[in-house]
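This is what each chain is made of:
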Amino acid sequence: MPSASACPRCAAAWDGAARFCTACGQSMFGAQAPAPQPQYYAYACSTCGGGGATLAADKVYCPTCRWLRPLGPGYDMPVDAFMWRLDADAMNTLRGIGPLNSAAHSLSETVGRPWFEAAVNGIRLSEQQMPDIFALAIRAARIVGLTHLPEIYISGEHMWDAVTMGSQTSSFIAIGSVLTNFRGDDLLYLLGREMGHAKAGHALWNTVVNLLAGRQPGNRSLMGDGMLSFLNPAKLIESGINAPLMAWQRHSAITADRAGLLCVGDIAVARRVTLQWTLHSFPLAQRINAEAWKVQEDAADDQTVATSEFAMTSTPYAARRLKLAREFAESAEFSGWRRVIEHWAPRAGTEAKPVAAAPAQPKGPPPAETERLMCIACKSPMRVPKADLAGPGPVNVRCPNPACGKVIKITPKQPKPPRPDQASE
């Protein structure tokens, strides 16, 4: 029987600190039930036969049922690979609020998803619509282990936002139009975050948040109406519901950051995208001193900062979330999963490489001047160097048409002598 210092699944040694077994990936702080995977079609798909049964081997996506081929045989990334422990605890808290949990499940399917998806007011991506972004979305979804691809929209309603909404069994993603300015690994990180939301079962609770608070850009705050609002009994009840939802939103962002980081494998990408996203500026992030920022990251656990974050925002402050992302990137679990991902899906260059200019060719002699003629037999055009026609005698020229090949005798026309009145004196 495994000891207290061993993995309960495979009995591998455990140091008491790692949150996941480095041998089999088992959560060491209580296994979380995997989030239900989206099921778009319960019948056999007419295109792939269901589960990609009849899909060509070189195809990784079915456009009819949105089935995704795993990265490799038997590949499956469990949600525990990137789930932030406090995120799982917060969702358990939400599920424990009976009336809220019941309302969430009943409204998300009947009202939430249809309503919000119809209100996206954007462009739905496909293999024909913005195929470059769509291909990155497929890659991100396959890395995090989704079995079906959520619908993805580009929306101009909330240009700096990205959100995953839906129910326990289906979800969709809306990406703000400004965020499409990210390219390559930067955009892959952003899409990987949203696929992580879908994999972790966040779509349901994101829908609940938007149903209760309305579709609002940016952060929500318990102090949004000032401290005097707490004198209102209705506000006290509202804050009692908002507080656990906001806590979950903050923790869910850490889970999503980890999913995006697994997709790109580079903490520098996560830092760059997070800062540009937080500052709502692409050029300003380029001026940040990296070393000075890391000092700010290290101080992000200050109690005052934590208290402010609890009361003032539904999104974790950038310094704290990047510190947590950096710690995850340095963990054995992250390194292990990146080796698996790299094995099945080697990284391709996502930035265009400069094309080397062709070496200059030495200049040859200028082309000879030619006289344009026509074959008298087949009417094919012929070009004869003028120098060959400069002599006094006739010149034999063969027609270049293989079907003709007639040899024509051409007598150069001699220039007329000048008239007496034009002769030079």
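Our structure is the block above this text.
Definitions and cut-offs
- Residues numbered from 1 in each chain as written.
- Predicted model: local features only at pLDDT ≥ 70, side-chain atom pairs only at ≥ 80, totals over all residues.
- Heavy atoms only, no water.
- Helix = DSSP H or I, 4+ residues; strand = E, 2+ residues; numbered from the N terminus.
- Buried < 20%, exposed > 50% of the residue type's maximum accessible area, 1.4 Å probe, protein only.
- Contact = heavy atoms within 4.5 Å.
- Core = buried A, V, L, I, M, F, W, Y, C linked by side-chain atoms within 4.5 Å.
- Phe/Tyr/Trp six-rings, centres within 6.5 Å; stacked < 30°, edge-to-face > 60°.
- Axes fitted to C-alpha atoms, helices over the stretch in contact; angles between N-to-C directions.
- Parallel < 35°, antiparallel > 145°, perpendicular 65-115°, else oblique.
- Left-handed = near helix turned anticlockwise from the far one by under 90°.
- Expected span 1.5 Å × (residues − 1).
- Polar contact = N/O pair within 3.5 Å; in protein donor to acceptor, adjacent residues only side chain to side chain.
- Pairing = 2+ DSSP bridges.

## Focus: the environment of I133
Here is step 1 of the chain: Along the polypeptide, I133 turns up in helix α3 (residues 131-144).
Here is step 2 of the chain: Take I133: its relative accessible area is 8%, and that puts it in the buried class.
Here is step 3 of the chain: Spatially, the C-alpha atoms of I133 and L191 are 9.0 Å apart, while their sequence positions differ by 58 residues.
Here is step 4 of the chain: Setting aside chain neighbours within four positions, we find I133 in contact with L125, T180, L187 and L191.

## As for the nonpolar core
Here is step 1 of the chain: Ranked by internal contacts, the top residues of the largest apolar core, which has 64 residues, are M77, L149, I175 and M195.
Here is step 2 of the chain: When residues in this core are grouped by element, the largest group, nine residues, is from α3.
Here is step 3 of the chain: Setting aside anything within four residues of it in sequence, one finds I175 in contact with I152, Y153, I154, S155, D161, A162, L190, L191 and E194.
Here is step 4 of the chain: Formed by nine residues, the second largest nonpolar core is a distinct cluster that contains M382, V397, I408 and I410.

## A word on the packing of aromatic side chains
Here is step 1 of the chain: In this structure the tally under the stated criterion is six aromatic pairs.
Here is step 2 of the chain: Ring centres of Y75 and W337 lie 6.3 Å apart, and the angle between their planes is 85°; this geometry places the pair in the edge-to-face category. Here Y75, found in the segment before α1 (85-96), pairs with W337, found in helix α12 (residues 332-344); they are 262 residues apart in sequence, far enough to count as distant. Each of the two residues, Y75 as well as W337, counts as buried.

## As for the packing of α3 against helix α4 (residues 184-199)
Each pair of packed helices can be described by the angle between their axes along with the distance between the axes.
Here is step 1 of the chain: Their axes nearest at 8 Å, the elements α3 and α4 cross at an angle of 50°. Considering the angle they form, α3 stands oblique to α4. The crossing of α3 and α4 is right-handed. Here I133, L136, A137, R139, A140, A141 and V144 of α3 lie close against α4, whose contacting residues are G184, L187, L188, L191, G192, M195 and K199.

## Thoughts on helix α7 (residues 267-279)
Here is step 1 of the chain: Over its 13 residues, α7 extends 18 Å from the first C-alpha to the last, a length consistent with the 18 Å expected when each residue adds 1.5 Å.
Here is step 2 of the chain: Those residues of α7 not exposed but buried are V269, A270, R271, V273, T274, L275, Q276 and W277.
Here is step 3 of the chain: The N-terminus of α7 is capped by D266, whose side-chain oxygen sits 2.9 Å from the backbone nitrogen of A268.

## Comments concerning the sheet that holds strand β2 (residues 151-155)
Here is step 1 of the chain: Taken in spatial order, the four strands of this open sheet run β1-β2-β4-β3, and their pairing is mixed. Sheet topology places β1 (122-124) and β3 (162-166) at the edges, where each strand pairs with a single neighbour. Going across the sheet, the axis of each strand differs from the next one's by a mean of 25°, ignoring polarity.
Here is step 2 of the chain: Taken together, the three bridges between β1 and β2 define a ladder with antiparallel strand orientation. Across the sheet, the residue bridging to I123 is I154, located in β2.

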